[in-house]
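The primary structure of each chain is shown beneath.
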Amino acid sequence: MTDSGALLSDNVPECTVPEISDPRLYMAVGGTSLSVISLFCNSLIAIVLIRSSHTHFFFFALLAISDTFLSVMYGPVIAMEIIKDVFRELWLTRIFWSYMPSLLTACNISMTFSTFLIILATTERFMITIKSERLRWFRTHRGFLAGCALVLAVLLKGGMFWEFVMLPNEPCTGTLLEREIALTNLSLTVSYGKVFKFYVRNICTVLFPFIFLIFLNIYIVFTLRRQQRAAALFRFATSRHKIDTRTETATKGNRVLCLAMFLQLQVRSATRLTVLIVCSFLISNALNVAFTVMEFWDLDLLMATDYFKWYEYGTDFVSVMYIFVCATRLLMYVVCNEEIRNEVYKFLCGLSSYNRKGFRKQSNSTSKGTSELDSIALTIARRLIGSDLPETHTTNDEEANDSNVSLVLILHSSSTSEWFSRLFQQIKFNNVIYRKYQRKKMLIGAIDQGTSSSRFLVFEDNGDLVASHQIEVRQLFPHPGWVEMDPIELINTVTECIDMTCEKLRNFGISPSEIQSVGIANQRETTVVWDRDSGQPLCNAIVWLDTRTSQLAQEYIDKTDTKSKDSFKSVAGLPIHPYFSALKLRWLLDNVPAVRECRERGSLMFGTVDSWLMFKLTGVHCTDVTNASRTLLFDLATRSWSTELCNFFQIPTNILPEIRSSAEIYGHFIEGPLEGTPIAGCLGDQQAALVGHGCWSLGDAKTTYGTGTFMLCNTGEKAIVSKNGLLTTVAFQLGSESPMCFALEGSGSIGGNVVRFLRDNFKFIKEASEMEGICRTVEDTDGVFFVPCFTGLYTPQWDPTARGIIVGLTQCTTIAHICLAALRAVAFQCTEMLEAIEHDMENTTKINTLKADGGMTANTLFNELQAEIAGRKIETPRNTEISAWGAAIAAAIGARLISIADFGTRQAKFARFEPKGDSLVREVEMARWKDAVRRAQNWQK
Ligand SMILES: Nc1ncnc2c1ncn2[C@@H]1O[C@H](COP(=O)(O)OP(=O)(O)O)[C@@H](O)[C@H]1O
Ligand SMILES: O=P(O)(O)OC[C@H](O)CO
């Protein structure tokens with residue numbers, strides 16, 4: 001099927017068709033047989049890949065279609081050219097010549113298209129390997145790129161149809177040689193025949209793809225090899241170094257999660273498949289490239305009688321090799337990729353392999369294949385990431401509960417386990433547990449969009465984390481006291497996390513379509529406004545921490561009858577304060593012309609981050625009760641937008657989202673790897689953490705130390721109005737028919753943001769994980785108190801004018817003292833909330849043990865300090881992703897996959913920190929903290 005000119009018949013003796021040599025005949029027969037196999041294999045691949053909507057195999061699906069076409073064409077175009085000369089039938093020859101020019105052109109276009117598809121698939125792999133920032137663009141434009149490839153193939157090869165004609169060969173009329181091929185005038189021009197046809201076409205379709213693919217492949221293989229230096233990785237896993245938050249989830253104290261390895265392994269399977277396909281392409285094309293180079297060099301030599309025979313054999317062989325590679329492609333897919341293997345199996349058997357045989361069975365069956373590594377489902381330090389180890393695991397759980405165990409590997413196949421065993425012996429890595437991986441039936445996804453980062457996590461229904469991805473998000477500080485975020489960055493980081501997590505799942509042989517439902521946990525109060533028509537935000541989001549509306553808040557307080565910030569506490573449970581969305585929205589309506597204009601056009605939309613994400617992901621404009629209850633526009637009693645509050649703050653109600661429960665189907669993903677999957681859970685992140693901790697009952701409380709610090713205590717179906725500076729908030733409503741459950745909340749503006757401040761502003765540390773080490777270098781703060789209220793104080797002072805102070809500095813004060821004072825500040829603030837909750841509950845509820853989670857609980861010293869300062873036990877769950885888990889629970893309930901009772905029985909395992917120290921010392925320290933807080937108050941005039 002090359003356009004090298006082998007079909008030209010200048011050398012044929014007049015009116016006599018030469019004998020077909022045996023090698024050519026054998027090649028025709030072999031090629032035809034292979035084309036039948038290829039036809040079956042490629043149509044099967046095409047059906048499987050298209051049916052199961054594996055968008056990441058988009059290019060391979062098109063490649064299979066293109067190759068199916070080529071397989072069909074092999075017989076009529078290549079084999080027939082020889083067969084007609086074997087049978088020497090005039091009618092056969094006439095039929096052949098009638099269709100040959102058009103089919104030959106179509107075949108050449110198809111081959112070039114296939115080549116370009118391989119280039120596109122390899123480029124995508126390359127971008128994944130180097131983690132290119134353009135990957136997302138590339139993925140969302142796959143269809144466009146494939147279209148361009150097809151157009152280019154047509155432009156380069158379509159002209160073949162006009163390059164030669166069949167002219168009558170008068171002297172041989174009535175014989176097999178009654179027609180002969182001649183080049184058209186077009187082919188004889190220099191610009192087309194030489195420059196385009198010879199140089200441009202050959203360079204673009206043969207030489208460039210060959211060299212480009214070699215280069216990319218070498219780079220990818222080189223990177224793969226680096227990744228396979230597992231020894232280095234495992235050393236990294238046991239070190240105390242941080243794991244970059246851009247690549248994976250956090251560390252937990254001195255127990256280190258090595259999810260970096262997870263990330264590296266996940267790329268390999270799909271990459272290996274691409275590499276293999278490219279290699280086979282390169283091998284099959286090597287001879288073609290050699291011929292092309294020789295044609296460049298000396299075409300006449302090739303056409304000379306002595307060499308023409310070999311030239312003919314060569315070109316036939318190139319075609320056979322090509323069809324051979326097409327025929328072996330199914331084998332490559334099946335051997336290299338478990339996901340495709342399962343799909344093929346499902347298709348051939350007509351039933352789900354997952355249900356019939358189970359994941360484990362399939363994995364075992366592949367243990368001798370070349371895809372062992374690819375079938376590894378690896379969960380590292382599961383006891384630290386997940387809650388409980390799955391009960392179904394085969395090894396004994398005492399082993400897993402041994403606190404010396406640093407690493408737990410969950411493996412698919414026993415031979416893989418042996419492979420690792422040998423590796424660990426070599427690198428002297430002990431304390432490793434191998435487990436067979438058994439996937440639970442249900443996978444639930446959770447988006448956790450926080451102030452510090454965006455995450456997407458996939459859990460099994462017992463809380464075990466299967467895969468996740470996390471990206472830090474920027475906070476913008478345009479003026480002191482102002483905090484903004486880019487809504488586009490919020491949605492983009494979320495979708496990128498989804499893409500990356502799905503990619504990891506696929507490399508475990510799990511299809512993202514197995515995620516049955518997705519929940520959202522989000523930073524609350526942060527206010528986003530956008531244009532319904534364009535779907536674009538009108539300005540940056542105003543973040544919950546922002547204090548630009550302090551003055552405005554005072555103006556509105558002055559407008560109330562009682563002139564009190566608590567005037568609406570009985571309606572909304574909240575004071576009039578810049579923290580909540582109402583004033584932020586009012587400010588945007590008053591100060592941003594684009595927002596005003598959009599409102600006048602009637603297409604303005606407001607939402608907290610959950611609404612924004614929901615709108616972008618599903619096209620639905622809604623929020624849930626927990627987020628609504630943070631706007632200062634929600635009536636706790638009527639469960640609806642309050643007309644009184646909307647009137648008071650002059651907020652047009654038509655821009656507000658519809659209020660829904662925390663667990664129901666809101667909509668389905670419009671696009672991406674989760675297209676069609678329902679979003680069925682939505683909670684503010686603090687309420688999600690309450691659910692995740694299993695705080696179902698009255699008096700159950702939890703604290704989350706994220707960017708801020710938030711303590712919530714379940715008050716049941718009763719909304720208690722606080723007398724001690726706490727907020728009354730909706731805890732959850734798990735289903736539109738279920739009752740709302742309420743909580744008292746202590747909100748702290750001081751949290752992980754102080755650690756970020758020490759990192760970014762003072763540069764005391766490079767990473768948050770360094771805090772513990774630096775703080776442990778000193779016994780105490782040497783009298784230093786740090787009140788890091790950069791944007792005012794929340795519970796219980798509610799003072800937006802407070803600003804951060806460090807008091808007690810001496811010549812002996814060091815960075816370590818200030819860092820330690822920062823950790824203690826968070827613990828003091830939390831203790832104040834604890835006391836306020838106990839007072840509001842009229843001391844009927846004593847919180848003896850505080851359930852804690854959030855980024856800061858990765859710091860063991862901080863947990864110890866919190867226990868010491870509060871004088872209570874602190875329990876941190878092994879699954880630190882509690883907010884996400886709470887959202888996943890809501891999503892499972894909302895999609896009616898599971899009942900509340902099912903989750904209620906599952907208790908996560910905790911690490912416990914006992915309170916140490918003297919209660920008198922505790923009281924003195926607390927009094928000094930309160931004194932420091934008083935000094936920080938009323939600062940910003
Ligand atoms: N080892 C650590 N010690 C102290 N603070 C930490 C540590 N690791 C993370 N943090 C802090 O935790 C915060 C992130 O917690 P996270 O729960 O992810 O926040 P969010 O939900 O707001 O995105 C960051 O502000 C970071 O400074
Ligand atoms: O981003 P986080 O986790 O600190 O949570 C922010 C809170 O929801 C703000 O109310």
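The chain appears in an unreviewed UniProt entry as Probable glycerol kinase from Pristionchus pacificus. UniProt's Subcellular location (unreviewed entry) comment on the chain is quoted here verbatim: "Membrane". The chain has a UniProt comment under Sequence similarities (unreviewed entry) that states "Belongs to the FGGY kinase family."

Caption draft 1: How the structure looks around the site of ligand 1. Neighbouring ligand 1 are 17 residues; Ser452, Arg455, Thr707, Gly752 and Gly855 lie closest to it. Residue Thr451 places a main-chain N or O atom 3.4 Å away from an oxygen atom belonging to ligand 1. Contact distances for ligand 1 include 3.0 Å between an oxygen atom and a backbone N or O atom of Ser452. Contact with the protein chains hides 86% of the accessible area of ligand 1, taken as 570 Å² for the molecule alone. Among the secondary structure elements, those contributing two or more residues to the shell around ligand 1 are strand E6 (453-460) and helix H25 (752-760).

Caption draft 2: Here's a closer look at the packing of aromatic side chains. All told, the structure shown has 35 aromatic pairs when counted by the stated rule. Summarising the aromatic geometry, the rings of Phe58 and Phe59 are spaced 5.6 Å apart at their centres and angled 70° between planes, so their arrangement reads as edge-to-face. By relative accessible area, which is 1% here, Phe59 ends up buried. For the ring pair Phe648 and Phe649, a centre distance of 5.0 Å and an interplane angle of 80° mean the geometry is edge-to-face.

Caption draft 3: Representation of unusual backbone geometry. Here the amide bond leading from Thr795 into Pro796 is cis, since omega sits at -5°, within 30 degrees of zero. Located in the positive-phi region is Arg88, a residue other than glycine, with phi close to 55°. Looking at the secondary structure, you find Arg88 in the loop between helix H2 (58-87) and helix H3 (90-130). Backbone geometry places Arg896, a non-glycine residue, at a positive phi of 55°. Counting through the fold element by element, Arg896 comes out in the loop between helix H29 (882-894) and helix H30 (900-904). On the basis of relative accessible area, Arg896 is assigned to the exposed category, the value being 76%.

Caption draft 4: Spotlight on the sheet that holds strand E5 (residues 443-449). The sheet built from six strands is open, its strands ordered E7-E6-E5-E9-E18-E17 with mixed pairing. For this open sheet the edge positions go to strand E7 (465-472) and strand E17 (663-668), each flanked by a neighbour on one side alone. If you compare each strand with its neighbour and ignore which way they point, the axes differ by 25° on average. The pairing of E6 with E7 spans seven bridges and is antiparallel. Counterpart to Ser453 in the pairing with E7 is Glu472. Set on the sheet, helix H24 (residues 685-692) makes contact with E5, strand E9 (515-522) and strand E18 (678-684); between it and E18 the angle comes to about 100°. Contacting E5, E6, E9, E17 and E18, H29 crosses the sheet at an angle of about 135° to E18.

Caption draft 5: Quick look at the packing of helix H27 (residues 815-840) against helix H31 (residues 919-936). Where H27 contacts H31, the two axes come as close as 11 Å, and the packing angle between them is 100°. When the axis of H27 is compared with that of H31, the two are roughly perpendicular. Contact residues: H27 offers Arg824, Ala825, Phe828, Gln829, Thr831, Glu832 and Glu835, while H31 offers Glu925, Met926, Trp929 and Lys930. Broken down by class, the residue content of the contact of H27 with H31 amounts to four nonpolar, two polar and five charged.

Caption draft 6: Focus on a nonpolar patch on the surface. A cluster of nonpolar residues, Val190, Val195, Tyr199, Val200, Ile203 and Phe208, forms a patch on the protein surface that exposes about 500 Å² of accessible area. Position of Val190 among the secondary structure elements: in helix H7 (residues 190-227).

Caption draft 7: Spatial organisation of the site of ligand 2. Residues in contact with ligand 2 amount to 13 residues; listed here are only the nearest, Thr451, Glu525, Tyr579, Asp685 and Thr707. Between Thr451 and ligand 2, the recorded distance is 2.4 Å, taken from a side-chain N or O atom to an oxygen atom. Here an oxygen atom of ligand 2 and a backbone polar atom of Thr707 are 2.9 Å apart. If ligand 2 stood free it would expose 310 Å²; the protein chains cover 94% of that surface. Residues that form the shell around ligand 2 fall into these classes: three nonpolar, seven polar and three charged.

Definitions and cut-offs
Residues numbered from 1 in each chain as written. Chains lettered and ligands numbered in written order. Predicted model: local features only at pLDDT ≥ 70, side-chain atom pairs only at ≥ 80, totals over all residues. Heavy atoms only, no water. UniProt positions renumbered as here; feature names shortened; annotations may be inferred. Near = heavy atom within 4 Å. Polar contact = N/O pair within 3.5 Å; in protein donor to acceptor, adjacent residues only side chain to side chain. Areas by Shrake-Rupley, 256 points an atom, 1.4 Å probe, with all protein chains shown as cover. Helix = DSSP H or I, 4+ residues; strand = E, 2+ residues; numbered from the N terminus. Phe/Tyr/Trp six-rings, centres within 6.5 Å; stacked < 30°, edge-to-face > 60°. Buried < 20%, exposed > 50% of the residue type's maximum accessible area, 1.4 Å probe, protein only. Pairing = 2+ DSSP bridges. Axes fitted to C-alpha atoms, helices over the stretch in contact; angles between N-to-C directions. Contact = heavy atoms within 4.5 Å. Parallel < 35°, antiparallel > 145°, perpendicular 65-115°, else oblique. Nonpolar A, V, L, I, M, F, W, Y, C, P; charged D, E, K, R; others polar. Patch = residues over 30% accessible without salt bridge, like charges linked within 9 Å, V, L, I, M, F, W, Y side chains within 5 Å. Salt bridge = Lys/Arg side-chain N within 4 Å of Asp/Glu carboxyl O.

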